[in-house]
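# Residue-level structure breakdown
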Amino acid sequence: MQRGEYFGLSKPFAKIAAGIFFAVYFGVSFFYLDKYPCANSDDATYSEPCANLAEHGRLNLSFLPPPGGFDQSSIVQHGRILCASRALIFKIFGVSLRTARLESLLAGMFLLLSAYALSMTLFENSSIALLTSVLLSLSHLFIFASHFARPDITVSLFLTGAVILYLKAEQSSSALIFFLAGLIAALTIDIHPSGNLALTVVGGTSLVQLLRGKISKKHFVFLGLGIAAGLVWWFGIRLWFNGELVQSQMKYNRIYGQVGSPLFLLLNEWKRWRNFFWLGAYHRNMFLLGIFAVGIASAALNRHRKGYSKLFLILFWILVGYTFGVPAKGWVYITYAYPFFALLSVAGLYDLFDSPPVSLKFASLGLSAALLMFLGLEVVHTLKFYRADYNAFISKIKERVPAGSTVLASASYWFGLRGHANLVASELIMHKMIMENNGIREEYFAGTNEDYFRRQGVEYVVGDEEIMQGTLFQRDYILPFVEQDCVQVSEFTDDFYNYSIFMSKRSPAPLVTKIFKVLPKKN
């Protein structure tokens, strides 16, 4: 049974409407690029190596400690493809919060097109494809990820591209396209190490299809050759140029990202999805869970229809890859596979409407209207940040901290403070905590916290929400230093800016930032 097309728009008109929407969406997204979400330390952590590559020709990172060589080169944490593209942007347009996020925005725009192509490849229905792209574009997770200088949205683009190539290779029986699908899947690791998810998805899906007799051994071999070529690039560029440094970094990576038993991994994976739906967007994602559950249930009931069998197979390997290949269990990594879940949900709701009973059609229309209302609320929440001004916030810090001073502050202020002050990132102390908790004693972190900060030459502390409220690792490591060895010299407020995990403005009251000066050491 074929699905119907319900929009009734002529192809030329549909293309014009889609083009206008895309242009307006890109313009609004570009305007909000440095406004929402407010700057976070990850923006800086993933951008400083690129800026150093553009300006000095080297990939070094001050926000990670010298033990293990992390400060010398971001070999493990940052892929060369991602760094090269962002370094090129910095070279042309300069270094700023907006230019740091431009690569993510462009990747997001291409991901919308890729989601459309993926939908058409699986379902051959332009209505489903268009609705999937619209759902993605208005989703909080997509808006957030495409406005954030992390690599997640780019990993999603590469994963989606690798799957599209694989599906096209199956359809055309092209050895070359099988090779390219394997190559893109392997190169996803060079965007972020957790991009190994693409290898699991493409490799696992192809293995099942080989056992089913859907692809030949020859094509399976060509896919493997593509994967091998990508892995040669990833391992080669690291081991050939920095063999000893890689070994040193891997030693510490085993400490920073310890892997437990399979049961431990399964429980952690459950926490990832629970946190996304329960905590994501301040519990609003629970509504999204309900809509997705209905769409996926409908898809399961209609699994005999075109496209579902392969999509369910792909999603199975996605879940396997998340559980065993993506040890960091933050919900932000769901960005990688979000287009596939969005597509399954849209297709399921679409088929619910396509069902003969009138009651199901009304149910589908009601759920779709509710989803649009939910997405509208998400967009309205984002638009509230139109007055957020990173540069104005930084200028308030610069007025209170003399040029050339050494400042202990969140890494998120690196874009604005570079060239004005020497930044000692407060996030750096987390590594001291991790090493001490694992029984590792490094000379770089020797002594008390006061000793460490004074060795770094800290003269001022930007006491934002991160430090003053004692969140995360700051409670025991930074706040005592501020209280015992510093004196407050200034404070100011801002409606949006101050440290906050990903979102900022968790309170309607203006956010207070305090400036402290380090006192001379007591005899």
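Criteria and cut-off values
Residues numbered from 1 in each chain as written. Predicted model: local features only at pLDDT ≥ 70, side-chain atom pairs only at ≥ 80, totals over all residues. Heavy atoms only, no water. Helix = DSSP H or I, 4+ residues; strand = E, 2+ residues; numbered from the N terminus. Buried < 20%, exposed > 50% of the residue type's maximum accessible area, 1.4 Å probe, protein only. Contact = heavy atoms within 4.5 Å. Areas by Shrake-Rupley, 256 points an atom, 1.4 Å probe, with all protein chains shown as cover. Expected span 1.5 Å × (residues − 1). Patch = residues over 30% accessible without salt bridge, like charges linked within 9 Å, V, L, I, M, F, W, Y side chains within 5 Å. Salt bridge = Lys/Arg side-chain N within 4 Å of Asp/Glu carboxyl O. Disulfide = S-S within 2.5 Å. Phe/Tyr/Trp six-rings, centres within 6.5 Å; stacked < 30°, edge-to-face > 60°. Pairing = 2+ DSSP bridges. Axes fitted to C-alpha atoms, helices over the stretch in contact; angles between N-to-C directions.

### With respect to the overall build of the protein chain
What the protein chain contains, in helices and strands, is 23 helices and five strands. Buried residues in the protein chain amount to 54% of all 523 residues. Within the protein chain, counting contacts between residues at least 6 apart in sequence, those at least 24 apart form 73% of the total. Total accessible area on the protein chain stands at roughly 22,400 Å², and carbon and sulfur atoms take up 65% of it.

### Here we look at helix α8 (residues 152-172)
Compared with an ideal rise of 1.5 Å per residue, which puts 21 residues at 30 Å, α8 spans 30 Å between its outermost C-alpha atoms and is within 8% of the ideal. Counting buried positions along α8 yields 16 of 21 residues, so the element is predominantly enclosed. Positive phi shows up at Ser173, right after α8, with a value of about 55°.

### Let's talk about a nonpolar patch on the surface
A cluster of nonpolar side chains, namely Ile16, Ile20, Val24, Val28 and Leu383, defines an oily patch on the protein surface of about 430 Å² accessible area. In terms of residues, the nonpolar patch owes the most to one element, helix α1 (residues 11-31), which gives four residues. Within the fold, Val24 resides in helix α1.

### Remarks on unusual backbone geometry
The omega torsion of the bond from Tyr36 to Pro37 falls at -10°, within 30 degrees of zero and hence cis. Structurally, Pro37 can be placed in the loop between α1 and α2 (41-45). Not every positive phi belongs to a glycine, and Glu124 is a case in point at roughly 50°. Position of Glu124 among the secondary structure elements: in the loop between α5 (97-123) and α6 (126-138). If you check the backbone angles, Ser173 has positive phi at about 55° while not being a glycine. Positionally, Ser173 belongs in the loop between α8 and α9 (175-187). The partly exposed category is assigned to Ser173, whose relative accessible area is 45%.

### A word on the state of the cysteines
What the rule picks out here adds up to zero disulfides. Cys50 provides the cysteine sulfur closest to Cys83, a residue in no disulfide bond, and the two sulfurs are 4.0 Å apart. Note on Cys83: relative accessible area 0%, which makes it buried.

### Section: the packing of aromatic side chains
Counted by the stated rule, this structure contains 27 aromatic pairs. Measuring from centroid to centroid gives 5.7 Å for Phe144 and Trp331, while their planes differ by 40°, and the two rings are tilted. Of the two residues, Phe144 is situated in helix α7 (residues 140-146) and Trp331 in the loop between α14 (308-325) and α15 (338-353); the sequence distance between them amounts to 187 residues. Using a relative accessible area of 0% as the deciding quantity, one classes Phe144 as buried. Taken together, a centroid distance of 5.9 Å and an interplanar angle of 80° make the contact between Tyr166 and Phe178 edge-to-face. Of this pair, Tyr166 sits in helix α8 while Phe178 sits in helix α9, and the two are 12 residues apart along the sequence.

### Some details on the pattern of salt bridges
Opposite charge on two side chains permits pairing when their charged atoms draw close. This model, assessed by the stated rule, comprises 16 salt bridges. Its salt-bridge partner being Arg150, residue Asp152 comes within 2.6 Å of it at the nearest N-O pair. Here Asp152 and Arg150 have matching classes, each one buried. Within this structure, Asp42, Arg150 and Asp152 form a network of salt bridges that share partners.

### Let's talk about the pairing of strand β1 (residues 406-409)
Regular strands show a simple pattern: their side chains alternate between the two faces of the sheet. Side chains Thr406 and Leu408 project from β1 onto one buried face, and the interleaved Val407 and Ala409 project onto a second face that is buried too. Relative to strand β2 (residues 422-425), β1 runs parallel, the two sharing four bridges. Each bridged residue has a counterpart across the sheet, and for Thr406 the counterpart in β2 is Asn422. Inspection of the sheet shows β1 paired to strand β3 (residues 460-463) by two bridges, in the parallel sense. Opposite Leu408, over in β3, you have Val461 as the bridge partner.

### A look at the sheet that holds β2
Strand order in the open sheet formed by five strands is β2-β1-β3-β5-β4, with mixed pairing between adjacent strands. What marks the edges here is a single partner per strand, and that holds for β2 and β4 (486-494). When strand polarity is set aside, the average angle formed by the axes of neighbouring strands in this sheet is 25°. Bridge count between β4 and strand β5 (residues 511-518): eight bridges; the pairing is antiparallel. When the sheet's bridge partners are listed, Phe492 is paired in β5 with Thr513.

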